[in-house]
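Geometric and topological summary
Given next are the chains, with one letter for each unit.
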Amino acid sequence: MPNLESNLKRHMREIWIARAAIVVTAALNAFLINDLTAFPWWLASVVELALLVPLSVATAWMHTQMLRATSQHHWTLIHHRRRKIRQAAIVLTIIITLINFQSLFGVLKALLYGARGTTGQSLLIDALNIWLTNIVVFALWFWNMDRGGPAARDLIKQPVADLMFPQMNADCPGHETWTPGFFDYVFVSFTNATAFSPTDTLPLSVRAKLLFMVEAFASLLTVGLVAARAVNILS
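The structure reproduced in this document is the subject of the present report. Being a predicted model, the structure only gives us computed values, none of them experimental. (Residues numbered from 1 in each chain as written. Predicted model: local features only at pLDDT ≥ 70, side-chain atom pairs only at ≥ 80, totals over all residues. Heavy atoms only, no water.)

As a further point, take the pattern of salt bridges. Under the definition given, this model contains two salt bridges. As a salt-bridge pair, Asp-162 and Arg-207 come within 2.9 Å of each other at their nearest N and O atoms. On the criterion of sequence distance, the pair formed by Asp-162 in the loop between α5 (150-156) and β1 (163-164) and Arg-207 in helix α7 (residues 206-234) is long-range, its members being 45 residues apart. In this structure Asp-162 comes out as buried when scored by relative accessible area, which is 5%. (Salt bridge = Lys/Arg side-chain N within 4 Å of Asp/Glu carboxyl O. Helix = DSSP H or I, 4+ residues; strand = E, 2+ residues; numbered from the N terminus. Buried < 20%, exposed > 50% of the residue type's maximum accessible area, 1.4 Å probe, protein only.)

Shown next, in the form of structure tokens:
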């Protein structure tokens, strides 16, 4: 029981950190300078926060149910509802991903065909904004995907891994029961966005490799084309 309570506390802490990361993406969307998207500048942030609020309420309620569970029947119901919450979180991540890609498309279109009111400075800031959002978004993807998601990693210990962290190596003493946290996935996302390839953490499954490819491609467009073009405009 103490081990279960410890894992449950860690699980919920990671959940709330991930929810805070979504707030960060909403804030970054709100600070885009150029109005180059197909929707008003404020709509993306409002939609993300509007979906996040009920998801957070459901998460808090589920935490309470876990603490009160006393039978296998209770845990069966909790597992079913927790799966629904995870599916809702994945839907929200998909929406954030599409919003960020649409912002990237808008900036690329402005660079290729021109847009009224854009400057080199504003395009640089928007490129950095999109790049940072890209890192957070794919950290959420890795966190939600690897080994069945945070609940499976922290509570069930599902052995099938999508990502191979250095701590999972048998030659790494002191990490026999180690499981990655949200900031570990942020680091994976950051290194992939800067190096355009895996660094110390390797993708094992096909879906993990596809996510690495998509993030690296989006980052390459942002850094290599958008930022470079903006610097040319500045000069």
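More follows now that the structure is in view.
Looking now at helix α6 (residues 182-195). Spanning 14 residues, α6 covers 20 Å between terminal C-alpha atoms, matching the ideal 20 Å at 1.5 Å per step. For α6, the full list of buried residues reads Phe-182, Tyr-185, Val-188, Ser-189, Thr-191, Asn-192 and Ala-193. Remark: Phe-196 follows α6 within two positions and exhibits a positive phi of approximately 60 degrees. (Expected span 1.5 Å × (residues − 1).)

Quick look at the nonpolar core now. Counting residues in each nonpolar core, the largest one holds 28 residues, and the members touching the most others are Leu-140, Phe-142, Leu-163 and Phe-182. Of all elements in the fold, only α1 (2-30), α2 (43-68), α3 (72-113), α4 (120-145), α6 and α7 reach the threshold of two or more residues within this core. A total of nine residues in this core trace back to one element, the largest contributor, which is α4. Those residues in contact with Leu-140 that sit more than four places away from it in its chain are Ala-18, Ala-21, Ile-22, Thr-93 and Phe-182. One finds Leu-36, Leu-123, Ala-127 and Val-226 within the second-largest nonpolar core, a separate group that totals 12 residues. (Core = buried A, V, L, I, M, F, W, Y, C linked by side-chain atoms within 4.5 Å. Contact = heavy atoms within 4.5 Å.)

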